[in-house]
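Chain by chain, the residues:
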2 protein chains.
Amino acid sequence: MTLNTASNRPANDTPDAVDITDLGRRARQASRAMRNASGQDKSFALLAMARRLQAQQAALQAENARDLVAAEKNGLDPAMLERLQLSDKAIATMAAGLEQIAAMPDPIGSLSATQIRPNGMRVAQMRVPLGVIGIIYESRPNVTIDAAALCLKSGNATILRGGSEALHSNIALGAIISQGLADAGLPADAVQVVTTPDRAAVGQLVTMTEYVDVIVPRGGKGLITRLAAEARVPLIKHLDGNCHVYIDAAADLQKAHDIAVNAKTYRYGICGAMETLLVHTDIAEQILPRLAATLIAKGVELRGCERSRAIIPQMLTATPEDWETEFLAPILAVRIVDTLDQAIDHIARYGSEHTDAIVTENLQAAARFQREVDSSSVYVNLPTCFADGYEYGLGAEIGISTNRLHARGPVGLEGLTTMKWVLAGEGQLRG
Amino acid sequence: MTLNTASNRPANDTPDAVDITDLGRRARQASRAMRNASGQDKSFALLAMARRLQAQQAALQAENARDLVAAEKNGLDPAMLERLQLSDKAIATMAAGLEQIAAMPDPIGSLSATQIRPNGMRVAQMRVPLGVIGIIYESRPNVTIDAAALCLKSGNATILRGGSEALHSNIALGAIISQGLADAGLPADAVQVVTTPDRAAVGQLVTMTEYVDVIVPRGGKGLITRLAAEARVPLIKHLDGNCHVYIDAAADLQKAHDIAVNAKTYRYGICGAMETLLVHTDIAEQILPRLAATLIAKGVELRGCERSRAIIPQMLTATPEDWETEFLAPILAVRIVDTLDQAIDHIARYGSEHTDAIVTENLQAAARFQREVDSSSVYVNLPTCFADGYEYGLGAEIGISTNRLHARGPVGLEGLTTMKWVLAGEGQLRG
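This report concerns the structure included in the present document. The structure presented is a predicted model; accordingly, all values stated were derived computationally and were not measured.

**Some details on the sheet that holds strand 17 (residues 417–424) of chain A**
Here is step 1 of the chain: Taken in spatial order, the 10 strands make up an open sheet running 2(A)-3(A)-17(A)-14(B)-13(B)-8(B)-9(B)-12(B)-10(B)-11(B), and their pairing is mixed. The two strands at the open ends of the sheet, each matched to only one other strand, are strand 2 (111–116) of chain A together with strand 11 (316–317) of chain B.
Here is step 2 of the chain: Bridge count between strand 13 (residues 355–359) of chain B and strand 14 (residues 377–380) of chain B: 4 bridges; the pairing is parallel. Looking across to strand 14 of chain B, one finds that I358 of chain B is bridged to V380 of chain B.
Here is step 3 of the chain: Helix 14 (residues 340–350) of chain B rests against strand 8 (243–247), strand 9 (274–280), strand 12 (331–337) and strand 13 of chain B of the sheet, and its axis sits at about 160° to strand 9 of chain B.
Here is step 4 of the chain: Lying on the sheet, helix 15 (residues 363–372) of chain B is in contact with strand 3 (122–129) and strand 17 of chain A together with strand 8, strand 13 and strand 14 of chain B; it crosses strand 14 of chain B at an angle near 175°.

Here it is as structure tokens:
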């Protein structure tokens, strides 16, 4: 890793402006070596980082404390402060993540779609790194380790641009990454941490198509919308998660209750949280009273259509805007529909193509819902809060993509790779 | 298909400006029906188009003649005129293409990466259409049929924007597509042909992210560079094809000669044509005299480095610019290198990551070249002119992508699709 600010500078000093073009050039250069790094060297680097994280815990927390003091002085809210903190548990989780990624199979170099053509030549596709990946993220310093680990394992060079509020934490984590790379004999520029507060650096990073192959922004919708407007480099991005659960006429009442409660209340702030509940009219009177009681008891505010309010008068009146809103809060919109088609239409019109679920015991309804709902994840009899790469068996995730091209839904190591065609023959000619 | 200009208007009349937003909205609507169209209906539509193409050959050629007359009057060069012409052979080729695509397996709905998670839920990926695809192309009217067929087979709605010089041909081909869709009961808006000469329409098409999921530009580098600068919709694009053949020290002389000659002379104008030949110094004196004689006899101009000129004095002197140039002409740059590494470095520095080949009998050199050269296609003992979806067994291709994300190299039906995650359980909950 290369630090682009001097880490032994006093806390209030402004780091120098960084030459982002030079940084890109060095990342591109390092990516050539990383492409051919062995799986063993990559794993060794990750394990070395895990050990150093734990060995240097006290020093790391001292640097983190500087950020926490500054953040408190700047009036950051408690939730932000919590995200910024490198607690013992947060450090242990980062180290465990490094070990887990080290233990995963190397995605690079595997062959697929192998075939022999009529002229005898062999055609296959080989999995290869994307090249140079830029990660732009907000306050959580653990992203520095998690993102670096995934990019390194997948053979990419990485440019990390964290939030200025985590400056000292990120410099300290960057030093650990740097040592781990050196331990394994991997190039120092394979991971570069940009700590300049200059916002123009981000603008340069997302337009530098010559040196950066893809940007993964991690943060709120504001950040991502702004980057998407400026970017010329492709983004693997996450926009809205306006997720639906549809309780079909043929739903099992107990499953429907438990799935809806879990989908809404597992965690309110995650992108897979249910934001609108759709209920088939034939089952509404059976399911809604008990379900509403549970949700209200858990402090969820219900906003219903007129027909659901006729069953549960405590509901507020839902506005058309509610159907479009990702609340990320203990608020749920509720609508009664007459048919499966109406449910599918509602999701097509108001949804965000993230994660949507049906609860039903009717196989045909399940199959139609799964085929016709055009979301990155479509579930049968499962709560939408399962939207997570670990739950899908990806081992780790860099984020959830709401793009349609390339990686869609939870993005694991494969999403940070691409394919090349490899052909071999014995002098076959064309024409 | 919906025609957006009245086809029975006099030839010199300017078609009305088209409401591109409305066209996008209708494409999005049609894409919902196309997503669920059966493989049988899609194949039936393609076969109906093939029959109607042949049945209406005379009428089609009459419309084509109007474009040819206008083009001649406007002084189009003979090569452009040839591309514009719908000869008997061109029509038969289009019909055969439709039949071939009809016979291919439906890519939509297949499941892959199926696994059962520890909690018993099933996770899989389902192949689904991209949605709405825009095709922007130049004079060849056959693209209207070929692109419509591939997009239709892959379950997408399509907006086709051809060159104004092919206006009447495209309107007539559009009418045939329209009839074929109606024959199969597929929505009329599944394929829309834009024939407005208004260039602003293209600017609108490539920025309308709400209604268009991807644009495939087919044309020269000028068109593609211009679109890439304007686009907000992702492009599956083709830039340079600066392809290399490297003759290794351990090459078989006969294979090396034949592969290099085929790579250069199969067709000069294709993106897979070899533009630079790299030769290992140990074999240069053995291979270059005979190879140069063959190429010179075929009218190829050779531009060599000083060391190759010492062997073949008839060569002109290559400039650094020659290493970077995609000649698309009977011109070849020649350079002698001392090692495999130098060859790989040359390709990394000057190449365009399109298609590059090694000629060698040394397995280790072949493996290193194939692993370390970061091009979308890397060959061993094959000429670069094999860069073509048909040759790779894709059955058909929409183009060759020089992108790194999503589709890379020859793009077949799969490149016009994406995946969604489909999960099924029995009420498993999270946390």
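**Here's the deal with unusual backbone geometry**
Here is step 1 of the chain: If you check the backbone angles, N381 of chain B has positive phi at about 55° while not being a glycine.
Here is step 2 of the chain: Its location among the elements puts N381 of chain B in the loop between strand 14 and strand 15 (399–401).

**Topic: the interface of chain A and chain B**
Here is step 1 of the chain: Contacts between the two partners involve 71 residues from chain A and, on the opposite side, 72 residues from chain B.
Here is step 2 of the chain: Summed over both sides, the interface between chain A and chain B buries roughly 5,900 Å², with carbon and sulfur atoms accounting for 51% of that surface.
Here is step 3 of the chain: Contact with chain B buries area across many residues of chain A, yet L405, W421 and R430 of chain A alone supply 15% of it, more than any other trio.
Here is step 4 of the chain: There are 10 salt bridges connecting chain A and chain B.
Here is step 5 of the chain: The salt bridge involving E391 of chain A is made with R430 of chain B; its shortest N-O contact spans 3.2 Å.

**Remarks on the pairing of strand 9 (residues 274–280) of chain A**
Residues and elements named next belong to chain A.
Here is step 1 of the chain: Strand 9 sits mainly inside the fold: 7 of its 7 residues count as buried.
Here is step 2 of the chain: Where strand 8 (residues 243–247) lies against strand 9, 5 bridges are found, and the strand directions are parallel. Bridge pairing links I247 to V279 in strand 9.
Here is step 3 of the chain: In terms of handedness, the path from strand 8 via helix 10 (residues 253–265) over to strand 9 forms a crossover that is right-handed.

**Digging into the pattern of salt bridges**
As a working rule, side chains carrying opposite charge can pair if their charged atoms are close by.
Here is step 1 of the chain: Under the criterion given, the structure shown has 54 salt bridges over all chains.
Here is step 2 of the chain: A salt bridge links R52 of chain B to D183 of chain B, with the shortest nitrogen-to-oxygen separation between them at 2.7 Å. Pair noted here: R52 of chain B is in helix 2 (residues 39–55) and D183 of chain B is in helix 7 (residues 167–183), with a separation of 131 residues, a long-range link.
Here is step 3 of the chain: For R52 of chain B, a relative accessible area of 27% corresponds to the partly exposed category.
Here is step 4 of the chain: A salt bridge links R66 of chain B to E63 of chain B, with the shortest nitrogen-to-oxygen separation between them at 3.1 Å. Taken as a pair, R66 of chain B and E63 of chain B lie in helix 3 (residues 57–73) at a separation of 3 residues, close to a single helical turn.
Here is step 5 of the chain: The partly exposed category is assigned to E63 of chain B, whose relative accessible area is 23%.
Here is step 6 of the chain: One network of salt bridges, in which partners are shared, links R28, R35 and D213 of chain A together with E353, D374, R404 and R408 of chain B.

**Things to note about the sheet that holds strand 3 (residues 122–129) of chain B**
Here is step 1 of the chain: Strand order in the open sheet formed by 10 strands is 11(A)-10(A)-12(A)-9(A)-8(A)-13(A)-14(A)-17(B)-3(B)-2(B), with mixed pairing between adjacent strands. Two strands in the sheet have a free side with no partner beyond their single neighbour: strand 11 (316–317) of chain A together with strand 2 (111–116) of chain B.
Here is step 2 of the chain: By the bridge criterion, 4 bridges tie strand 8 of chain A to strand 13 (residues 355–359) of chain A in an arrangement that is parallel. Its bridge partner lying in strand 13 of chain A, H244 of chain A is registered against D356 of chain A.
Here is step 3 of the chain: The strands touched by helix 10 of chain A within the sheet are strand 8, strand 9, strand 12 (331–337) and strand 13 of chain A, with strand 9 of chain A carrying the most contacts at an inclination of about 160°.

**Re the packing of helix 5 (residues 88–103) of chain B against helix 6 (residues 142–153) of chain B**
When two helices pack together, their arrangement is given by the angle between their axes and by how far apart the axes lie.
Residue and element names in this part refer to chain B.
Here is step 1 of the chain: Contact pair helix 5 / helix 6: the axes reach a minimum separation of 10 Å and the direction vectors enclose 5°. One way to sum up the angle between helix 5 and helix 6 is to call them roughly parallel. Counted together, M94, L98, I101 and A102 of helix 5 and N142, I145, D146, A149, L150 and K153 of helix 6 form the full contact between these two elements.
Here is step 2 of the chain: Class assignment of the residues belonging to the contact of helix 5 with helix 6 gives a composition of 7 nonpolar, 1 polar and 2 charged.

Reading the values: rules and limits
Residues numbered from 1 in each chain as written. Chains lettered and ligands numbered in written order. Predicted model: local features only at pLDDT ≥ 70, side-chain atom pairs only at ≥ 80, totals over all residues. Heavy atoms only, no water. Pairing = 2+ DSSP bridges. Helix = DSSP H or I, 4+ residues; strand = E, 2+ residues; numbered from the N terminus. Contact = heavy atoms within 4.5 Å. Axes fitted to C-alpha atoms, helices over the stretch in contact; angles between N-to-C directions. Buried area = accessible area lost by both parts, 1.4 Å probe. Salt bridge = Lys/Arg side-chain N within 4 Å of Asp/Glu carboxyl O. Buried < 20%, exposed > 50% of the residue type's maximum accessible area, 1.4 Å probe, protein only. Right-handed = clockwise from strand over helix to strand, strands pointing away. Parallel < 35°, antiparallel > 145°, perpendicular 65-115°, else oblique. Nonpolar A, V, L, I, M, F, W, Y, C, P; charged D, E, K, R; others polar.

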